[in-house]
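Per-entry structural report
Letter by letter, the chains look like this.
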Amino acid sequence: TGASLIYPLLGAGAYGWQWVATESDEHSYDAACRNLQANLGTSLPYGCEVRRQMDASSVFAGVLSPEDEPFDMVVCNPPFYSSRAAFARENARK
């Protein structure tokens, strides 16, 4: 989701799209939930849901279930790094 939940909020508010946002970082998840709650009751339709991904190495396992409807699109944030050194370490592995 990123902490701001911006794409689901814009997509739901402007186009009425339904979103399932997932987040593995606890602080970003909490911030996304706060942003969602702050926007409920505005023009935002009930088309956003935030789910916590407990396994940071997984994308869908643990947050999607067989009961979920099919998804039309997946939007993903690029990886973020805490420093240039962390970026260099990760890219050296590739």
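Structure's up top.
Residues numbered from 1 in each chain as written. Predicted model: local features only at pLDDT ≥ 70, side-chain atom pairs only at ≥ 80, totals over all residues. Heavy atoms only, no water.

1. A few points about the layout of surface pockets
For clarity, the cut-off: Residues are said to line a cavity or pocket when one of their atoms sits within 4 Å of a point; the points come from a 1 Å grid over protein atoms alone, cavities being sets where a 1.4 Å probe fits but cannot get out and pockets being open sets with protein on both sides within 12 Å along at least five of seven lines. Grid points are joined across faces, edges and corners, and a volume is the space filled by probe spheres set on the points. Only DSSP runs of H or I covering at least 4 residues are called helices, and only runs of E covering at least 2 are called strands; the numbering of each starts at the N terminus. Ten residue types, Ala, Val, Leu, Ile, Met, Phe, Trp, Tyr, Cys and Pro, are classed as nonpolar, four, Asp, Glu, Lys and Arg, as charged, and the remainder, Gly among them, as polar.
Each pocket or cavity is described by its volume, and for the largest pocket that value is around 1400 Å³. Contributing elements (two or more residues each) for the lining of the largest pocket: α1 (6-15), β1 (19-23) and β2 (48-52). Ranked by residue count, the leading element in the lining of the largest pocket is β1, at five residues. Per-class residue counts for the lining of the largest pocket are 21 nonpolar, 10 polar and six charged.

2. Observations regarding the packing of aromatic side chains
As a reminder, the rule being used: Here a pair means two rings of Phe, Tyr or Trp (six-membered ring of Trp) with centres within 6.5 Å. Their orientation is stacked below 30 degrees between planes, edge-to-face above 60, and tilted elsewhere.
Scanning all chains against the criterion turns up three aromatic pairs. With 4.8 Å between their ring centres and 20 degrees between their planes, Y15 and W17 make a pair best called stacked. Relative to F87, the ring of Y81 lies with its centre 5.3 Å away and its plane at 75 degrees, an arrangement referred to as edge-to-face. An aromatic cluster is built from Y15, W17 and W19, whose rings are joined through pairwise contacts.

3. Notes on α1
We apply this condition: When accessible area is computed with a 1.4 Å probe and restricted to protein chains, residues below 20% of their type maximum are described as buried, those above 50% as exposed, and intermediate ones as partly exposed. Contact between two residues is taken to exist if any of their heavy atoms lie within 4.5 Å; hydrogens are not considered.
Restricting attention to buried positions, one finds in α1 the residues P8, L9, G11 and A12. For α1, the elements touching its buried residues are β1, α2 (26-39) and β2. Just downstream of α1, G16 is the residue with a positive phi angle, here 75 degrees.

4. Considerations on the pairing of β1
Counted only if it meets this: Strands are treated as partners if at least two bridges between them are detected by DSSP.
The two faces of β1 differ: W19, A21 and E23 on one face are buried, but V20 and T22 on the other face are not. Taken together, the five bridges between β1 and β2 define a ladder with parallel strand orientation. Paired with E23 across the bridge in β2 is R52.

5. What about the pattern of salt bridges?
This is how it is decided: We define a salt bridge as a contact between a side-chain nitrogen of Lys or Arg and a carboxyl oxygen of Asp or Glu at a distance within 4 Å.
Taken as a whole, this structure holds two salt bridges when the rule is applied. Its salt-bridge partner being R51, residue D68 comes within 3.0 Å of it at the nearest N-O pair. Here D68, found in the loop between β2 and α3 (84-92), pairs with R51, found in strand β2; they are 17 residues apart in sequence, far enough to count as distant. When its relative accessible area of 21% is taken as the criterion, D68 is described as partly exposed. Under the relative-accessibility criterion, R51 is labelled buried at 16%.

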